[in-house]
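What the coordinates show
Each chain is listed here by its residues.
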Amino acid sequence: MIDSATWQQRILRETRARKEAEAILESKSRELYETNRTLRLRERALEASMIGVVITTEDRIEYINPAVERITGYAEDELIGRDVQLILGKHGDQRELETLGAALRAKGEAQAVLRSARKDGSVLWIDLRIAPVASEIGEVTRYVTVLSDVSDARRYQEQLERQSNYDTLTGLPNKNLLMDRIERALAVGRREGSLVGIAVLDLDHFKNINALGPPIGDHVLAVAAERLAEGVRETDTVARLEGDAFAIVLPGLTDGGDAARVATRLPDRLSSHPEIIGVLRRVQQALATPVSTPREDVALTCSFGLSVFPHDGADVETLLGNAEAAMYRAKELGRNNFQFYSAEMTERTTERLSLEVRLRHALERDEFVLHYQPKVELSSGRITGIEALIRWNHPERGLLPPSEFLLVLEETGLIVEVGRWGMQRAAREYSFLKEAGQLPPRIAVNLTPLQLQRDDFVATVANVIDQSSDADPGIDLEITESLLMRDIEATARKLREIQELGIGIAIDDFGTGYSSLSYLAKLPVDVLKIDRAFISALATQPDDTTIVSTIIKLAHSLELTVVAEGVETEHQARLLHELRCDEIQGYLLTRPLPFDKYVRWAKNFSATPWPFTEKRSANAATHVLPSR
Amino acid sequence: MKGVVFVEFLEMVEAKFSPEMLEEIIEEAQLPNGGAYTSVGTYDHREIYRLVTALSGAAQLPIAQLLRDFGAHLFPRLVASHQEIVRSKTTSALDFLLGIERHVHAEVRKLYPDAELPSIGARMHGPRKLIVEYSSTRALADLAHGLLFGCVAYFGEAITIERRDLDGEANAHTLFVLTRADGWIR
């Protein structure tokens, strides 16, 4: 029996313990409430989230947020307790699933894009990240998966892939689609007996345009593409092959009423294809309007090569290849024209390729040589200078003029290196001439567009001069007029720097390009060389005589020395003398000669009397000799 | 120290001695709360010493023995109120003790983040021998000893317990070697 005092103490103690327990419980409930409030806030965020969140134990789904319902189309009760495969899908890429599995086995995080399916069976692409959740003691019992529906992005990407049939810069079909269009046109051609024309075209001198800066090049290409598309018929396809090369498919052509003539490839193929010619002329016209660019207006021409199904080939590759061969021929023939394919062209194309390979080795094998052609002052018969002209000593074909290989040098960019070689060789042989006692006052070297456009151009020239032993390098650079007109500010700046090195600047082939004397006034030029085309027509075309006379007068007013190129007859020389041209160059004096032969020629020439010497003294009072 | 230990201790004193003895030692121990313990509270561990010391004086029994007896009494009581902690697949005392840090203490920490638990290192030494290393600033090796008795009794196994105090009388660092009798193949 417990005594009452003990009993009382015990009741007091238990009451006190109860009150303490209640106080502890109350504070714990407050704690719990706070925790719950935070949890509710987070749960609210989870529920509002567009991103799906799945919590799994082992591989059973324990929790999903509403986004998962929206993404998968399954309701919560259809997912809870089920295998997570229901969401991840069984037709996902096997490799992705394996990667995922491996990461999870290693208790690491994993990311994958999987192909799954919604409840309604539609394709669902999900981007998911799975992270293990470790318990307090580091045991992984749950995984949190966040997933988003990337089906739209995926669809967009697929659309882009489909769109890869189109060139992004110009919006034209690309080569893939072109091949397909040709294929279809050929199928129709075979069925209906119609012809299909394939034109391959390349913008002339596009390298020079692109040298103004890639954005300008791109702009010009885009404009060119628009104009090409305008020029063709509705049934034709214009496509961009690569760079500045385009192709046009002209399906459903007739034989021009003369199938036999086409089939037997009579020379006059042009008149057999009036439809093709019509299209090409329109395209040429469309291109002709100068394109405005931030730097300058650019005039476009192009060279076309044409092949016609079925005569020039029965399949896409052959037809495209043959059209390309014809285009190269068109370029060789001076650009801005079109050529139909002929069997010889394949041969030429093969030749061209072997030419390219050989040219790449020509420098190291020392196969280039310089020939020299003198310039003579009309009034005195004095040799004023020589022009160095490059020749290629081809191991099989012998000595080749630049017309045979210059185009390839330019297209391959080899011209830069060969041009530098030319300057170095000319400077060296100039000093040999000095030793031979046959020193002409100046030696002229031709410059190509690519050389001038290079940023290191001035440095290259300076380097050549440094290497030559002479204080006066005696070098002139001849630059074609069209080349000078490109980016006139930059060109003028470079030329002035060159001039400061003691180098003279001559304008070559004057009259064939822009012929803008006002531009000329802005440039630091010393010599003007009138193109041979004007000289050869001098005696026969009165207009040309007037032009030459005007050029000479204007050049003199700008204090330039005038040289007539391509002088072949004494009659031409006499006329030029009368027009007060300063110097002549051409076969009348001599063809370009190798170094040793030039030395002999120069000796003989100096010993021969000059027919115009007397006339010079008669005109001496009025002749304006420009200072050099 | 968790209130449950005090509550169990008071109940044990009342049952094994008498209600009067309980009130006597509570008064003798001069506890801050007058012995009004609740199992959800947390109290200064030194109070259990005061209680045991008071009991020792009143019952004329050594403190160490009282703590051991209390430990043996406490073990099945704790298991009874926390069945979820003793995992169903645990069928032997040695298994249970091997997993004590990993399972039991981990669960205790979940329930009572503020619990200050002793460090119990357990490792097998051969197939029949388990070494339990007790280490605690509370210096309650005797209580741990008693809990081990309780554990062995709970699983009903023939296991001997040897004790090696590593710090003399301090009771803060002790090794217990539990050896299972022959005939048990692990």
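This is a predicted model, so every value here is computed, not measured.

1. Looking at the overall build of chain A
Check the secondary structure of chain A and you find 25 helices and 22 strands. A burial count over chain A gives 34% of its 628 residues as buried. Contacts spanning at least 24 positions in sequence make up 61% of the contacts within chain A whose residues lie at least 6 apart.

2. A look at the overall build of chain B
Looking only at helices and strands, chain B has seven helices and four strands in total. When the elements of chain B are put in sequence order from the N terminus, they spell out α-α-α-α-α-α-β-β-α-β-β. The buried share of chain B, reckoned over its 186 residues, is 31%.

3. As for the sheet that holds strand β7 (residues 237-242) of chain A
All names here are of chain A. With mixed pairing, five strands are arranged side by side in an open sheet as β7-β8-β6-β11-β12. The two strands at the open ends of the sheet, each matched to only one other strand, are β7 and β12 (338-340). Pairs of neighbouring strands in the sheet enclose a mean axial angle of 20°, with direction left out of account. Taken together, the seven bridges between strand β6 (residues 195-203) and strand β8 (residues 245-253) define a ladder with antiparallel strand orientation. Its bridge partner lying in β8, Leu-201 is registered against Phe-246. Along the sheet face, helix α12 (residues 316-332) touches β6, β11 (302-309) and β12 and points at about 145° away from the line of β11.

4. Some details on the confidence of the model for chain B
All names here are of chain B. Summarising the model, chain B shows a mean pLDDT of 87, and 95% of its residues fall at 70 or more. Here helix α6 (residues 100-111) stands out as the least confident element of chain B, with mean pLDDT 78; helix α3 (residues 46-59) is the most confident, with 94. In the predicted assembly, ipTM is 0.74 and pTM is 0.43.

5. Some points on the interface of chain B and chain A
Across the contact, 15 residues belong to chain B and 14 residues belong to chain A. Only α2 (19-29) and α6 of chain B provide two or more residues apiece to the side of chain B that touches chain A. Class assignment of the residues belonging to the side of chain B that touches chain A gives a composition of five nonpolar, five polar and five charged.

6. Considerations on the packing of helix α1 (residues 4-48) of chain A against α2 of chain B
Contact geometry of α1 of chain A with α2 of chain B gives a least axis separation of 10 Å together with a crossing angle of 60°. In this view, α1 of chain A runs oblique relative to α2 of chain B, as classed from their interaxial angle. Where α1 of chain A crosses over α2 of chain B, the handedness of that crossing is left-handed. Judged by residue contacts, Thr-6, Gln-9 and Arg-10 of chain A of α1 of chain A engage Pro-19, Glu-20 and Glu-23 of chain B from α2 of chain B. Considered class by class, the residues forming the contact of α1 of chain A with α2 of chain B number one nonpolar, two polar and three charged.

7. What about the pairing of strand β5 (residues 140-149) of chain A?
Residue and element names in this part refer to chain A. Here strand β1 (residues 52-57) pairs with β5 via six bridges, running antiparallel. Bridge pairing in β5 places Val-53 opposite Val-146. Across nine bridges, the pairing between strand β4 (residues 123-134) and β5 is antiparallel. Each bridged residue has a counterpart across the sheet, and for Ala-134 the counterpart in β5 is Val-140.

8. Remarks on the sheet that holds strand β3 (residues 110-117) of chain A
Residues and elements named next belong to chain A. Sheet architecture is open: five strands sit in the order β2-β1-β5-β4-β3, paired in antiparallel fashion. Sheet topology places β2 (60-64) and β3 at the edges, where each strand pairs with a single neighbour. Each strand axis lies, on average, 30° off the axis of its neighbour in the sheet, ignoring direction.

9. As for the nonpolar core
Residues and elements named next belong to chain A. Core analysis: the largest hydrophobic core is formed by 57 residues, its most contacted members being Ala-426, Val-445, Leu-528, Ile-530 and Ile-584. With five residues, the single largest contributor to this core is helix α15 (residues 414-435). Leaving out residues up to four positions away in the same chain, Ile-530 has contacts with Phe-510, Gly-511, Ile-535, Val-548, Ile-551, Val-562, Ala-564 and Glu-565. If you look at the next biggest cluster of nonpolar residues, it comprises 50 residues, including Leu-178, Phe-246, Met-327 and Tyr-341.

10. Observations concerning helix α11 (residues 274-288) of chain A
Residues and elements named next belong to chain A. In a regular helix each residue adds 1.5 Å, so 15 residues correspond to 21 Å; α11 covers 21 Å between its end C-alpha atoms and thus fits that length. Where α11 is concerned, the buried positions are Ile-276, Val-279, Leu-280, Val-283 and Leu-287. With its buried residues spanning 95° around the axis, α11 presents them on a single face. What points out from α11, more than 90 degrees from its buried face, is the exposed set Arg-281, Gln-285 and Ala-288. Buried residues along α11 sit in contact with β6, α9 (214-231), β8, β11 and β12.

11. Focus: the packing of helix α17 (residues 457-467) of chain A against helix α19 (residues 488-500) of chain A
All names here are of chain A. Where α17 contacts α19, the axes come no closer than 10 Å and their chain directions differ by 15°. It follows that α17 is roughly parallel to α19 by the angle criterion. Handedness of the crossing formed by α17 with α19: right-handed. Where α17 abuts α19, its residues Phe-457, Val-458 and Val-461 lie against Lys-494, Glu-497 and Ile-498.

12. Regarding the pairing of strand β20 (residues 561-564) of chain A
The two faces of the sheet receive side chains in turn, since in a regular strand these alternate between them. Residues and elements named next belong to chain A. Every second residue of β20 is oriented toward a common face, with Thr-561 and Val-563 on one face and Val-562 and Ala-564 on the other, all of them buried. Taken together, the four bridges between strand β19 (residues 527-530) and β20 define a ladder with parallel strand orientation. Looking at β20, one finds that Ile-530 is bridged to Ala-564. Here β20 runs beside strand β21 (residues 583-584); their pairing, made up of two bridges, is parallel. Paired with Ala-564 across the bridge in β21 is Ile-584. Between the parallel pair β20 and β21, the chain is carried across by helix α23 (residues 570-578), and the sense of this crossover is right-handed.

13. Examining helix α1 (residues 3-16) of chain B
Residue and element names in this part refer to chain B. Here α1 contains 14 residues, and its C-alpha end-to-end distance of 20 Å stays within 8% of the 20 Å for a straight helix at 1.5 Å per residue. Taken together, the buried positions of α1 are occupied by Val-4, Val-5, Phe-6, Phe-9 and Val-13. Buried positions along α1 lie against α2, α3 and α4 (63-81).

14. Some details on the environment of Pro-441 of chain A
Considering the arrangement of structural elements, one finds Pro-441 of chain A in the loop between α15 and β16 (442-446). Apart from the residues within four sequence positions on either side, Pro-441 of chain A is in contact with Thr-384, Gly-385 and Gly-474 of chain A.

About the thresholds
Residues numbered from 1 in each chain as written. Chains lettered and ligands numbered in written order. Predicted model: local features only at pLDDT ≥ 70, side-chain atom pairs only at ≥ 80, totals over all residues. Helix = DSSP H or I, 4+ residues; strand = E, 2+ residues; numbered from the N terminus. Buried ≥ 20, exposed ≤ 12 C-beta atoms within 10 Å, placed from the backbone. Contact = placed C-beta atoms within 7 Å. Pairing = 2+ DSSP bridges. Axes fitted to C-alpha atoms, helices over the stretch in contact; angles between N-to-C directions. pLDDT = per-residue confidence, 0-100. Nonpolar A, V, L, I, M, F, W, Y, C, P; charged D, E, K, R; others polar. Parallel < 35°, antiparallel > 145°, perpendicular 65-115°, else oblique. Left-handed = near helix turned anticlockwise from the far one by under 90°. Core = buried A, V, L, I, M, F, W, Y, C linked by C-beta atoms within 7 Å. Expected span 1.5 Å × (residues − 1). Arc of directions from axis to C-beta. Right-handed = clockwise from strand over helix to strand, strands pointing away.

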